[in-house]
Structures are given as structure tokens and as C-alpha cells.
Amino acid sequence: MGIAAGRKGINKTLATFGAIGRDAMWDFAGRDTAIDLGSDTVRMHVRDRGVVCREPSVLARSRETGRILALGRPAKEMAGRNPDVTLVRPIREGAPTETDEAEYLMRHLVRRHHRRHYTARPRLVVTVPSGMTSVHYRALQFSAYQAGARRLTLVPTPIAAAIGMEMTTSTRPDIAVIACIGADVTDVGVIAFGGLVTSHTAHVGGSALDKAIVAMVRREHGVVLAQSAAETAKLEVGAVPPLGRRPVRQTVVTGRDIASGMPREIVLTTLDIGRAIAAPVAEIVSAIGTGLTGCSPEISGDLLSVGITLTGGCARLPGLERLIRDRTGLEARLGDDTGDAAVLGAGEVLRSAGTQEPSARRSAPRPHVLTTLPEY
């Protein structure tokens with residue numbers, strides 16, 4: 001009996017060390033990584049390290065040689081100061097439009113934040129719009145595996161944001177309504193009974209507001225603004241009319257006078273910004289309303305008590321919550337004011353994925369598309 005028990009203990013110990021060895025091997029290949037590929041900002045979460053990256057999703061390319069010179073903030077700083085540099089935005093409407101550049105962006109960030117230059121092959125979770133097309137799915141799959149992913153999971157942004165804001169725990173309601181308002185996309189999802197029951201994706205977001213401000217300044221003042229200057233003005237004094245008790249603020253922006261070609265400063269007030277962005281804001285609110293129309297009558301009755309949770313960069317626009325409440329009849333609240341909810345939720349997804357790894361014979365296994373909430 002003693003010998004048998006000893007052998008059993010040895011076998012258990014060997015099995016434990018074998019499991020630890022496998023985990024260590026895959027950890028050496030790369031820690032589990034989540035990426036939120038936003039049209040304006042790319043965020044990366046690495047297991048046990050948290051959110052390690054919040055970079056503008058832009059690349060600086062040389063016009064003469066075609067080489068990529070920089071990415072992220074350094075790339076934005078180079079643009080406009082070096083005539084040989086052109087900015088490339090490989091992510092549009094939440095999906096890769098330039099597969100080679102998107103691959104470069106993901107591969108560079110993975111290698112930089114895994115502190116390895118050539119061996120990082122992590123399990124990768126990427127957030128995607130709920131209405132993503134099959135063409136964009138294939139483009140993202142190609143870019144992710146070329147960037148070094150050994151396993152790929154795609155998560156609709158509303159599900160990832162709900163997980164990141166801890167709205168899927170047993171102590172929270174069974175139904176949640178998430179509106180992710182990003183730079184190019186407004187993604188609305190209704191989560192009930194452990195899955196995404198209905199969703200709607202509209203191609204309108206914060207960049208549409210910036211373009212509307214640029215168009216208004218050109219039309220009324222004869223000045224051409226950079227889109228970055230319009231974004232700064234929106235963040236400083238922007239608000240959704242009517243203002244109510246909110247004070248009228250003002251900011252000074254600099255652009256190029258159309259008639260003379262010289263630099264010119266103009267003053268923009270909260271009223272100016274509100275008038276300019278009224279139309280795209282109405283489109284965002286309309287998209288949220290459309291995302292709710294696909295609910296069954298049983299679920300629609302519960303939405304009055306649940307309300308709408310907002311996340312994304314444009315969700316912080318003052319007055320937007322009130323406007324959504326007036327148009328939809330549902331209470332709206334800001335659930336995440338940092339924009340990290342989706343990438344944090346994507347990072348949590350791999351906790352339920354176990355240690356199963358793709359076969360060594362399959363260099364690019366078919367990605368898993370998550371449509372239900374994971375069980376922890």
C-alpha cells in the first residue's frame with residue numbers, strides 16, 4: 001500500500017510539473033493579450049500587467065521611400081512638420097482597412113510590450129464592432145496572425161465593454177444595454193440571458209463631430225481648421241444644446257485664413273460648438289434608438305428599469321446623457337469615463353478560455369467569435 005501510494009504521489013507531482021511546464025512554455029511565447037482596435041486610439045491589455053498601451057492608431061510613412069517611420073504619438077508629432085511624412089490610419093470604423101499597416105501596428109505593439117523582439121506569440125483577444133462584415137473579419141484575421149497571434153478570439157465591443165464594467169456578474173441585472181460611442185462607430189448592444197440578443201452599428205462618432213466643427217468654421221469664418229484643433233475645441237467647450245444651467249465657455253483656435261493664406265485666430269463658444277455638432281449628435285442618438293428596436297416585448301419592458309450605459313470617447317460629451325433620455329425615454333448614464341472598458345473586458349475573456357492551445361500543425365487556426373458571456 002505504501003509503494004502504491006508513493007507511486008500515486010509521484011505521478012501526481014509529475015503531472016503538476018508537466019502542467020506548470022506547459023503554462024511556462026506558453027507564457028514564454030507571450031502573455032495573454034487583449035487589443036481594442038479603435039479608429040482613434042488602440043489600447044492593449046497584457047495579463048498580470050493591466051493596460052500597458054493607449055496609443056493613437058496612426059502611422060507616419062515617408063512619401064519618398066514608403067517606409068514606416070513612427071507610430072502613435074511620435075507619428076502625430078511628425079505630421080505637418082515634415083513635408084516628407086504622411087499619416088496613415090490603418091483602422092477605420094473599427095476594422096483594418098490597410099492590412100499591411102494594421103499588421104505592422106499590432107506586431108510592433110505586441111513585441112514592444114512583451115519585451116521580446118521576435119518570439120512573442122500570445123493568445124490574442126481583439127474587440128470588433130458587432131456589425132462587422134465578413135470582409136473585415138478576414139482582414140483582421142490575416143493581420144492578427146501575421147502579427148504573431150497563436151490563437152485569436154474576436155469579441156463584439158458591447159460584450160467586452162459590459163464585462164469590463166463588471167455588468168455581467170451575478171449581482172447585476174440579467175439585462176444590460178451598452179452604447180459604445182467611438183471615433184468612427186456607434187455600437188449599441190442589448191445583452192440578455194448570457195448573450196447578445198440584438199445590436200446595431202452606425203458609422204458615426206466623435207470624428208463626425210470634429211468634421212462638423214471644421215465645416216462650420218470654414219463656412220462662417222472663412223478659416224480652415226485642422227481636425228485636431230476642432231477636436232481640442234470640442235473637448236474644451238463642447239456641449240449638447242440646450243445648455244440649461246451650464247455656463248457658456250469659449251476657446252481660441254488657430255487656422256489658416258482662406259482669403260489671405262495667413263494664420264488667423266478665432267474665438268469659439270459653447271453655443272458655436274453646439275450648433276455645429278447638432279446634426280451628428282442627432283445621428284448618434286438615432287442609432288441608439290435603432291439598436292433598441294430589435295428587442296422582444298418581454299425584454300423591452302425591462303429596459304425602463306435598466307437604462308443605457310454609455311462608454312467610449314464621445315460618451316463624455318456634456319449633455320449627451322440628457323438628450324438620450326429625452327429621445328428614448330430611458331435613463332442614460334456614463335459607465336466608463338476612461339475608454340478602457342472594452343479592452344479590460346477583452347482581457348477578462350481569456351480567463352475562461354482555459355489552457356487549450358491550437359495544434360502545432362495549424363499556423364493560423366480559425367478565430368473564435370464570442371457571442372455569449374464567458375463563464376468564470
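Up top you'll find the structure we're talking about.
What counts as what
- Residue numbers run consecutively from 1 along every chain, following the written order of its sequence.
- In keeping with the model being predicted, local features are shown solely for residues with a pLDDT of at least 70 and side-chain atom pairs are shown and tallied solely at 80 or more, while totals for entire chains, interfaces and linings include all residues.
- Only hydrogens and water are set aside when side-chain values are computed; all heavy atoms of the structure are taken into account.
- Here a helix means four or more residues in a row that DSSP labels H or I, a strand means two or more in a row labelled E, and each is numbered from the N terminus.
- Partly exposed residues are those whose accessible area sits between 20% and 50% of the maximum for their type, while under 20% is buried and over 50% is exposed, using a 1.4 Å probe and protein chains only.
- Two strands pair if DSSP finds at least two bridges between them.
- Side-chain atoms alone can form a polar contact between residues adjacent in sequence; in general such a contact is a pair of N or O atoms within 3.5 Å, and within protein one must be able to donate a hydrogen while the other accepts it.
- In this analysis, two residues are considered to be in contact whenever any of their non-hydrogen atoms come within 4.5 Å of each other.
- In this scheme, a helix's expected span is set at 1.5 Å multiplied by one less than its residue total.
- In this analysis an axis means a line fitted to C-alpha atoms, helices contributing only their contacting stretch, and an angle means the value between N-to-C directions, from 0 to 180 degrees.
- Angle categories are assigned with fixed cut-offs, so that under 35 degrees is roughly parallel, over 145 is roughly antiparallel, 65 to 115 is roughly perpendicular, and the rest are oblique.
- Helix crossings fall into two classes, left-handed where the near helix is turned counterclockwise from the far one by less than a right angle and right-handed where it is turned clockwise.
- Any residue that is not Ala, Val, Leu, Ile, Met, Phe, Trp, Tyr, Cys, Pro, Asp, Glu, Lys or Arg is counted as polar, Gly included; the first ten are nonpolar and the last four charged.
- We count a salt bridge whenever a side-chain nitrogen from Lys or Arg sits within 4 Å of a carboxyl oxygen from Asp or Glu.

With a phi angle near 55°, glutamate 93 is a residue other than glycine that sits in the positive phi range. Along the polypeptide, glutamate 93 turns up in the loop between β7 (91-92) and β8 (95-96). For glutamate 93, a relative accessible area of 32% translates into the label partly exposed. You will see that glutamate 166, though not glycine, has its phi angle at about 60°, which is positive. The topology assignment puts glutamate 166 in the loop between α5 (157-164) and β11 (175-181).

Let us now look at the sheet that holds strand β14 (residues 223-224). With antiparallel pairing, three strands are arranged side by side in an open sheet as β14-β15-β16. In this open sheet, the two edge strands, each paired with only one partner strand, are β14 and β16 (263-269). The pairing of β14 with strand β15 (residues 250-257) spans two bridges and is antiparallel. Within β15, the position partnered with valine 223 by the bridge is aspartate 257.

Looking now at the side chain of serine 57. Mapped onto the elements of the fold, serine 57 is located in the loop between β3 (50-56) and β4 (59-62). Engagement of the side chain of serine 57 in a polar contact is seen with the backbone oxygen of serine 39, the distance being 2.9 Å. Those residues in contact with serine 57, other than ones at most four positions away along the chain, are Gly38, Ser39, Asp40, Thr41, Val42, Val88, Arg89, Pro90 and Leu105.

So, about the pairing of strand β13 (residues 195-202). A regular strand carries its side chains on alternate faces of the sheet. Here strand β12 (residues 186-192) runs beside β13; their pairing, made up of seven bridges, is antiparallel. Note that in β13 the partner of valine 190 across the bridge is threonine 198. Turn length for the β12-β13 hairpin, with the two strands adjacent in sequence and antiparallel, is two residues, and the turn residue phenylalanine 193 shows positive phi of about 55°.

Over its 13 residues, helix α4 (residues 134-146) runs 18 Å from end to end, which matches the ideal 18 Å to within 8%, given 1.5 Å per residue. Of all the positions in α4, only Ala139, Leu140, Ser143, Ala144 and Tyr145 are classed as buried. Next to the buried residues of α4 lie β1 (33-37), β8, α3 (99-113), β9 (123-128) and β10 (151-156). Following α4 by one or two positions, glycine 148 adopts a phi angle in the positive range, close to 120°.

Moving on, we get to the packing of helix α8 (residues 270-292) against helix α10 (residues 320-328). Two elements in contact, α8 and α10, have axes whose closest approach is 10 Å; the angle formed by their N-to-C orientations is 50°. Comparing their axes, α10 and α8 come out oblique. Read as a crossing pair, α8 and α10 show a hand that is right-handed. For the pair α8 and α10, the contacting residues are Val281, Val285 and Ile288 in the first and Leu320, Leu323, Ile324 and Arg327 in the second. In the contact of α8 with α10, the residues fall into six nonpolar, no polar and one charged.

A separate point is the environment of glutamate 331. Relative to the helices and strands, glutamate 331 is located in the loop between α10 and β18 (332-334). The class of glutamate 331 is partly exposed, set by a relative accessible area of 41%.

Packing of helix α6 (residues 206-221) against helix α7 (residues 227-237) leaves a shortest axis separation of 8 Å and a crossing angle of 105°. With respect to α7, the axis of α6 lies roughly perpendicular. On α7, the residues that touch Gly206, Ser207, Leu209, Asp210, Lys211, Ile213 and Val214 of α6 are Gln227, Ala230, Glu231 and Lys234. When the residues that make up the contact of α6 with α7 are grouped by side-chain class, the tally is four nonpolar, three polar and four charged.

Turning our attention to the pattern of salt bridges. Under the definition given, this model contains 15 salt bridges. Across the pair arginine 107 and glutamate 103 runs a salt bridge whose closest N-O atoms are separated by 2.6 Å. Residue arginine 107 and its partner glutamate 103 are located together in helix α3, separated by four residues, close to a single helical turn. Across the pair arginine 264 and aspartate 257 runs a salt bridge whose closest N-O atoms are separated by 2.8 Å. What makes aspartate 257 buried here is its relative accessible area of 12%. Taken together, the salt bridges that share partners define one network made up of Arg31, Arg47 and Asp48.

Fair warning: the whole summary comes from geometry, so function is off the table for now.
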